[in-house]
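Listed below are the residues making up each chain.
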Amino acid sequence: MLRFLTLCLGLLLSSAAGAEVRMQNVIGSEVLGRPVGYSLYLPPGYGTDKRDYPVVWLLHGGGTGQPSDWFTLAGIDQMLDALIASGTIRPLIAIAPDGRRDEANEIATYFLDDADGQVRWQTMFLTEMIPALEARYPAIATGEARAILGISMGGLAGIVHHLRNPGMFAGVAALSPAFRTDAQLLSLSDDAYRTRYAGVLGADLSADARLTRTWSDLSPDALIATASPTRIPRILIDLGADDPFLEGATEMHLASRSSGLPGIFRVRPGGHDWPFWREALPDALIHLDALLTRGYGE
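In short, a report on the structure. (Residues numbered from 1 in each chain as written. Predicted model: local features only at pLDDT ≥ 70, side-chain atom pairs only at ≥ 80, totals over all residues. Heavy atoms only, no water.)

### As for the packing of helix 3 (residues 76–85) against helix 11 (residues 274–292)
The contact between helix 3 and helix 11 brings their axes to 11 Å, and the two run at 45°. Our classification of the angle between helix 3 and helix 11 gives oblique. Crossing handedness for the pair helix 3 and helix 11: right-handed. Taking contact as the criterion, the partners of I76, M79, L80 and L83 in helix 3 are, on helix 11, R278, L281, P282, L285 and I286. The residue inventory of the contact of helix 3 with helix 11, partitioned by class, reads eight nonpolar, no polar and one charged. (Axes fitted to C-alpha atoms, helices over the stretch in contact; angles between N-to-C directions. Helix = DSSP H or I, 4+ residues; strand = E, 2+ residues; numbered from the N terminus. Parallel < 35°, antiparallel > 145°, perpendicular 65-115°, else oblique. Left-handed = near helix turned anticlockwise from the far one by under 90°. Contact = heavy atoms within 4.5 Å. Nonpolar A, V, L, I, M, F, W, Y, C, P; charged D, E, K, R; others polar.)

Here is the structure:
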């Protein structure tokens, strides 16, 4: 991280003009029946170099998480400016959609569809938002040039979307992905369960009733069973040694390794918080650039 901060200090002033962050944008959705917000990073040279760019989709965390976090809390725009200016990664567009159910956001969406189909965030994302925004902005708009970077809830969703939609995403970098074990799910209080899973799994479930078919389909073994063969590490998982999701993320890694799918699994000092995520973000961006540029050699 010290090396990266030094890089930032030396390059931010000298980076090419034109990098831009646009907050509080909206796009209409017939699937959800309402507008969906998003924030956007456009790289230096946008609008003047007449090129198309790869796209990284940024999926925020749960609870109070929202698209602006990537810029106000993580400073990802400054990281991208420095990495692009140094030639460490190539220019890209980063789009952070709003994964909240509504302003109150009392129940998490997990960037997935509700069990009862009432809110279909995943359907909106895959069939409306991605094609519409990649047409609105100068995107390459192919699976080889599209990746996901997610934190916590967004990290889990990124892995789910990548594995369930072969060829749609080059890969995913998941920081502290929110994989719970069966025991952790069952131990949640009724209130904690409601705010996290009343949408994705179903409302008012307790004890073993929470272990639904949807829950089983989100297990590491079930997700890996849907994966397409690959020779390069398309999934990066990076989390802290004190993260509450360490056990679930480890299960994800072990399922991947047992299946022969290569991946990168890092456990470093830290917890489930912004200090850890800010530390991890530069390496995550470099990993995604290698996927988007076929830098791993496949």
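Next comes the rest of the description.
### Observations concerning a negative patch on the surface
Residues D182, D221, E247 and E251 make up a contiguous surface patch of negative charge. Position of E251 relative to the elements: it lies in helix 10 (residues 246–259). (Patch = residues over 30% accessible without salt bridge, like charges linked within 9 Å, V, L, I, M, F, W, Y side chains within 5 Å. Areas by Shrake-Rupley, 256 points an atom, 1.4 Å probe, with all protein chains shown as cover. Salt bridge = Lys/Arg side-chain N within 4 Å of Asp/Glu carboxyl O. Lys, Arg positive; Asp, Glu negative; His and termini not counted. Charge placed at Lys NZ, Arg CZ, Asp CG, Glu CD.)

### With respect to the packing of aromatic side chains
This structure, assessed with the given rule, holds eight aromatic pairs. Judged by centre distance (5.4 Å) and plane angle (15°), the rings of Y110 and Y197 are stacked. Of this pair, Y110 sits in the loop between strand 4 (93–97) and helix 4 (121–136) while Y197 is found in helix 7 (residues 190–197), placing the two residues 87 residues apart along the sequence. On the basis of relative accessibility, which here comes to 4%, the residue Y197 falls in the buried class. An angle of 90° between the planes, with centres 5.8 Å apart, marks the rings of Y197 and W215 as edge-to-face. Here the residue Y197 occupies a position in helix 7, and W215 occupies one in helix 8 (residues 213–217), the gap between them amounting to 18 residues. On the accessibility criterion, W215 (10% relative accessible area) is buried. Ring pairing ties together the aromatic residues W57, F111, W121 and F125, which thus form one cluster. (Phe/Tyr/Trp six-rings, centres within 6.5 Å; stacked < 30°, edge-to-face > 60°. Buried < 20%, exposed > 50% of the residue type's maximum accessible area, 1.4 Å probe, protein only.)

### A short note on the sheet that holds strand 2 (residues 36–42)
Overall, mixed pairing links the eight strands, which are arranged 1-2-4-3-5-6-7-8 in an open sheet. Each of the sheet's edge strands pairs with one partner strand only, and the pair in question is strand 1 (20–27) and strand 8 (264–268). Pairs of neighbouring strands in the sheet enclose a mean axial angle of 15°, with direction left out of account. Where strand 2 lies against strand 4, four bridges are found, and the strand directions are antiparallel. Note that in strand 4 the partner of S39 across the bridge is A96. Against the sheet, helix 3 makes contact with strand 1, strand 2, strand 3 (55–59), strand 4 and strand 5 (146–151), and its axis sits at roughly 30° relative to strand 2, the strand it touches most. (Pairing = 2+ DSSP bridges.)

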